[in-house]
Amino acid sequence: QVQLVESGGGLVQAGGSLRLSCAASGRTFSWYVMAWFRQAPGKEREFVAGITWSGGTTYYADSVKGRFTISRDNAKNTGYLQMNSLKPEDTAIYYCATDTNRAPRWSLEAEYDYWGQGTQVTVSS
């Protein structure tokens with residue numbers, strides 16, 4: 001079992017930045033891939049970014065490519081999502097997710113067994 005806790009959300013103006021953290025506990029986090037998803041009001045949850053267990057490869061949704069950066073520190077059992085140049089359309093609850101599958105279909109929610117509770121990000125115009 002792995003437990004995930006997100007933090008770092010908040011209210012920011014358009015063009016600003018936030019850094020989300022995802023703290024993992026339980027089984028060895030370094031064995032797991034990690035991803036960030038988000039869900040805006042009235043919309044389905046969508047893939048934002050993913051990172052392999054070693055941190056060597058990253059994947060991004062087109063909507064955040066060039067603005068967001070996913071990373072991880074396995075020694076600290078923590079993953080991160082650095083969000084720059086934020087837009088009002090980035091407003092959502094952001095969730096981190098993880099799984100032992102080292103080659104997941106990154107954008108599919110069903111690929112991930114473990115989820116955090118989410119952290120709210122609100123971007124004002």
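Residues numbered from 1 in each chain as written. Predicted model: local features only at pLDDT ≥ 70, side-chain atom pairs only at ≥ 80, totals over all residues. Heavy atoms only, no water.

Asks: Honestly, the packing of aromatic side chains in this entry has me stumped. Any pointers?
Replies: What characterises a pair of aromatic rings is the spacing of the ring centres plus the angle enclosed by the ring planes. Applying the stated criterion to the full structure yields six aromatic pairs. Judged by centre distance (5.4 Å) and plane angle (75 degrees), the rings of Phe-37 and Tyr-112 are edge-to-face. Taken together, the residues span a long stretch of sequence, with Phe-37 in strand S4 (residues 33-39) and Tyr-112 in the loop between strand S9 (92-99) and strand S10 (114-115) at a distance of 75 residues. With a relative accessible area of 4%, Tyr-112 lands in the buried category. Seen from their ring centres, Tyr-112 and Trp-115 are 6.1 Å apart, and the 75 degrees between their planes marks the pair as edge-to-face. Connected via pairs of aromatic rings, a cluster forms that spans Phe-37, Phe-47, Tyr-112 and Trp-115. Arg-45 extends its terminal NZ or CZ atom over the ring of Tyr-95, reaching a point 4.6 Å from the ring centre. Here the guanidinium or amino end of Arg-102 rests over the ring plane of Trp-53, the centre of that ring lying 4.1 Å away. (Phe/Tyr/Trp six-rings, centres within 6.5 Å; stacked < 30°, edge-to-face > 60°. Helix = DSSP H or I, 4+ residues; strand = E, 2+ residues; numbered from the N terminus. Buried < 20%, exposed > 50% of the residue type's maximum accessible area, 1.4 Å probe, protein only. Lys NZ or Arg CZ within 6 Å of the ring centre and 35° of its normal.)

Asks: What exactly am I supposed to notice about the environment of Ala-35 here?
Replies: Position of Ala-35 among the secondary structure elements: in strand S4. When the C-alpha atoms of Ala-35 and Tyr-94 are compared, they prove to be 10 Å apart, with 59 residues separating the residues in sequence.

Asks: Looking at this structure, how should I read the nonpolar core?
Replies: One recurring pattern in soluble globular proteins is that nonpolar side chains are buried together. With 33 residues, the main nonpolar core has Trp-36, Val-48, Phe-68, Leu-81, Met-83, Tyr-94 and Tyr-112 as its most contacted residues. Secondary-structure elements contributing two or more residues to this core are strand S1 (2-7), strand S3 (18-26), S4, strand S5 (46-51), strand S7 (68-73), strand S8 (78-83), S9 and strand S11 (119-124). With five residues, the top contributor of residues to this core is S4. Residues contacting Leu-81, with those up to four places away along its chain left out, are Leu-18, Arg-19, Leu-20, Trp-36, Val-48, Ala-49, Phe-68, Thr-69, Ile-70 and Tyr-94. (Core = buried A, V, L, I, M, F, W, Y, C linked by side-chain atoms within 4.5 Å. Contact = heavy atoms within 4.5 Å.)

Asks: How should the state of the cysteines be read in this particular structure?
Replies: By definition, a disulfide links the sulfur atoms of two cysteine residues through a covalent bond. For the structure shown, the criterion picks out one disulfide. One disulfide bridge connects Cys-22 with Cys-96, the sulfur atoms lying 2.1 Å from each other. Between Cys-22 and Cys-96, the disulfide has an S-S torsion of 65 degrees and is therefore right-handed. In this pair, Cys-22 is assigned in strand S3 and Cys-96 in strand S9, connecting sequence segments 74 residues apart. On the basis of relative accessible area, Cys-22 is assigned to the buried category, the value being 0%. (Disulfide = S-S within 2.5 Å.)

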